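Architecture at a glance
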Amino acid sequence: MTETSRGAHEIDLSTSYLKLALSSPIVASASPLTREPRYLARLAEAGVGAVVLPSLFEEEVVAEETGLSAALEAGAEIFPEALGYFPDLTDGTDVAQRYVASLERAKARLSVPVIASLNATSGGGWTRYARLLAQAGADAIELNMYFMAADVRRSAAEIEAEQLALVSEVCSVSGVPVAVKLSPYYTATASFAQSVVSAGASGLVLFNRFYQPDIDLETMAVLPKVELSRSADLGLPLRWTAILRPQLDADVSIALTSGVHSGTDITKALAVGADVVMIASELLAAGPERVRSLEEELRSWLAAHEYGSVAELRGSVSAASAESPEAFERANYVRSLRSFELLAR
Ligand SMILES: Cc1cc2nc3c(=O)[nH]c(=O)nc-3n(C[C@H](O)[C@H](O)[C@H](O)COP(=O)(O)O)c2cc1C
């Protein structure tokens, strides 16, 4: 760092996401940590730019039957203090009512934007709940499109048309900006991402992580399993953010999620054009205060490389500005394979 370069504390970390002004690009992604008021308060205190509440699952009651809530609880155990705040699905109150109550509480106590997340399965469900969450004060809505195209009778075209109709319906009724959390597994991911935007989404969240069940060989039962991500998981959303950023209108927000564990991971995400990073695993493992050191790592990198703001860094390495866009598309396929060094002789 030169003598003339700014101090790390002078760096402007502000960013804009879904037209919301955020003081930091570090957003707490939907996870058990964003469910409980005291963790939300600690996340805000530690400096997150916004929080995304865990999804309201239209079939949350069904989650008991499918074992999904057990899978999510498995994740909560990793940050032990986080145990014990999953909603008691048997307490008789309506899941949506309890969600709205948590949302209102979060809005009343936090000064950062609160994004509600919705995972519905039916047309009616998406619109009904989206309206409810917007009315309850959500600054924006994230549609969590966690869906497996597992039915051999249903084509990509059919499924995508249905999803786009849902996005369009939700965007038209909600009255707040809507981001769509996509899966990376579309037949033509880039074209589908553009279609989601054309259907009315103000932003994309790249990407949902798909949890792979395990098998218990003693009971021959299928076990739901949530594993935390690693930095190695960053490659997929990094590549797609770089590819999509220059192709989407500049006012379309991109949140990168999956595999962000360090200040350098955040720096890479911003460099390829993300407006924010959404972090779950690292915060579950290290606790809400990790936000503070992540921010320091980001600030130090920016200061050491003479960037005055996140805005200056953003998109400086996207597919358009990279010397060769194909680096992101085929990722120098042949060169990568050829460059592999055999360790064994
Ligand atoms: C225990 C756990 C619970 C999660 N719950 C939700 C959820 O309710 N809705 C959602 O959209 N994503 C959920 N996620 C996904 C995260 O928001 C995040 O997008 C994903 O874990 C990738 O980020 P990471 O690599 O920082 O973990 C959950 C993740 C974990 C680990």
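In case you missed it, the structure is sitting above this.
Read on for a plain summary of the structure. (Residues numbered from 1 in each chain as written. Predicted model: local features only at pLDDT ≥ 70, side-chain atom pairs only at ≥ 80, totals over all residues. Heavy atoms only, no water.)

Points about helix α8 (residues 235-244)
- Most of α8 is tucked away: seven of the 10 residues are buried.
- Where α8 is buried, its residues meet α7 (189-198), β8 (203-206), β11 (253-257), α9 (263-271) and α13 (326-329). (Buried < 20%, exposed > 50% of the residue type's maximum accessible area, 1.4 Å probe, protein only. Helix = DSSP H or I, 4+ residues; strand = E, 2+ residues; numbered from the N terminus. Contact = heavy atoms within 4.5 Å.)

Considering the sheet that holds strand β6 (residues 140-144)
- Taken together, the eight strands give a closed barrel; going around it, the order is β3-β4-β5-β6-β7-β8-β11-β12, and neighbouring strands pair in parallel fashion. Ignoring strand direction, the axes of neighbouring strands in this sheet form an average angle of 25°.
- Pairing geometry for β8 and β11, over four bridges, is parallel. Counterpart to Val205 in the pairing with β11 is Ala255. (Pairing = 2+ DSSP bridges. Axes fitted to C-alpha atoms, helices over the stretch in contact; angles between N-to-C directions.)

Points about the layout of surface pockets
- In this structure, the second largest pocket occupies an estimated 290 Å³ of space.
- In terms of lining, the second largest pocket is formed by 15 residues, of which the most central are Tyr185, Arg209, Phe210, Gln212 and Asp233.
- Class assignment of the residues belonging to the lining of the second largest pocket gives a composition of eight nonpolar, three polar and four charged. (1 Å grid on protein atoms, 1.4 Å probe; cavity = no way out; pocket = protein on both sides within 12 Å on 5 of 7 lines; lining within 4 Å. Points joined across faces, edges and corners; volume = space filled by probe spheres on them. Nonpolar A, V, L, I, M, F, W, Y, C, P; charged D, E, K, R; others polar.)

Focus on unusual backbone geometry
- Cis geometry is adopted by the peptide bond preceding Phe207, which originates at Leu206 and carries an omega value of 0°.
- Structurally, Phe207 is set in the loop between β8 and β9 (214-216).
- Unusually for a residue other than glycine, Met220 sits at a positive phi of about 55°.
- Within the secondary structure layout, Met220 lies in the loop between β9 and β10 (221-223).
- Within the chain, Ser258 stands out as a residue other than glycine whose phi angle is a positive 110°.
- Along the chain, Ser258 turns up in the loop between β11 and α9.
- Taking the relative accessible area as the measure of exposure, Ser258 reaches 10% and is therefore buried.

Some details on the environment of Leu206
- Inspection of the secondary structure puts Leu206 in strand β8.
- Note: C-alpha distance between Leu206 and Ser183 (23 residues apart in sequence) is 7.3 Å.
- The contact partners of Leu206, leaving out residues within four places of it in the chain, are Leu182, Pro237, Trp240, Thr241, Leu244, Ile254, Ala255, Leu256 and Thr257.

Re the packing of aromatic side chains
- All told, the structure shown has four aromatic pairs when counted by the stated rule.
- An angle of 15° between the planes, with centres 4.0 Å apart, marks the rings of Tyr186 and Phe192 as stacked. You'll find Tyr186 and Phe192 in the same group, each marked buried.
- Between the aromatic rings of Trp301 and Tyr307, the centroid separation amounts to 5.7 Å while the plane-to-plane angle is 25°, which identifies the pairing as stacked.
- By relative accessible area, which is 21% here, Tyr307 ends up partly exposed.
- One aromatic cluster is present, formed by Tyr146, Tyr185 and Phe210 through successive ring pairs.
- Taking the ring centre of Tyr129 as reference, the NZ or CZ of Arg128 above it sits at 5.0 Å. (Phe/Tyr/Trp six-rings, centres within 6.5 Å; stacked < 30°, edge-to-face > 60°. Lys NZ or Arg CZ within 6 Å of the ring centre and 35° of its normal.)

Some thoughts on the pairing of β11
- Of all five residues making up β11, five are buried, and the element is well covered by its neighbours.
- Across the two faces of β11 the burial is the same, with Ser253, Ala255 and Thr257 and Ile254 and Leu256 all buried.
- Summarising the sheet, β11 and strand β12 (residues 276-279) pair through three bridges and their orientation is parallel. What sits directly across from Ala255, in β12, is Val276.
- Traced from β11 through α9 to β12, the parallel crossover comes out right-handed. (Right-handed = clockwise from strand over helix to strand, strands pointing away.)

Some remarks on the environment of Val197
- Structurally, Val197 is set in helix α7.
- Taking the C-alpha atoms as reference points, Val197 and Leu164, 33 residues apart in sequence, are found 9.4 Å from one another.
- Those residues in contact with Val197 that sit more than four places away from it in its chain are Leu204, Leu248 and Val252.

Section: the pairing of strand β5 (residues 114-119)
- With six of its six residues buried, β5 lies for the most part within the structure.
- Burial of β5 is two-sided: the residues Val114, Ala116 and Leu118 facing one way and the residues Ile115, Ser117 and Asn119 facing the other way are all buried.
- Pairing geometry for strand β4 (residues 50-57) and β5, over five bridges, is parallel. The residue bridging Phe57 from the neighbouring strand is Asn119, located in β5.
- In the sheet, β5 pairs with β6 via four bridges, with the strands oriented parallel. Each residue of the ladder has a partner; that of Leu118, found in β6, is Leu143.
- Since β5 and β6 lie parallel, the crossover through helix α5 (residues 123-135) that links them has a hand, and here it is right-handed.

Looking at the site of the ligand
- Close contacts around the ligand come from 23 residues, with Ala30, Ser55, Ser229, Gly259 and Ser281 the closest.
- A distance of 2.6 Å separates an oxygen atom of the ligand from a polar atom in the backbone of Ala30.
- The contact in question runs from an oxygen atom of the ligand to an N or O atom on the side chain of Lys181, over 2.8 Å.
- Contact with the protein chains removes 97% of the 600 Å² of surface that the ligand exposes when unbound.
- Contributing elements (two or more residues each) for the shell around the ligand: β4, α3 (68-76) and α10 (281-286).
- With three residues, the single largest contributor to the shell around the ligand is β4.
- Taken together, the residues that form the shell around the ligand break down as 11 nonpolar, 10 polar and two charged. (Near = heavy atom within 4 Å. Polar contact = N/O pair within 3.5 Å; in protein donor to acceptor, adjacent residues only side chain to side chain. Areas by Shrake-Rupley, 256 points an atom, 1.4 Å probe, with all protein chains shown as cover.)

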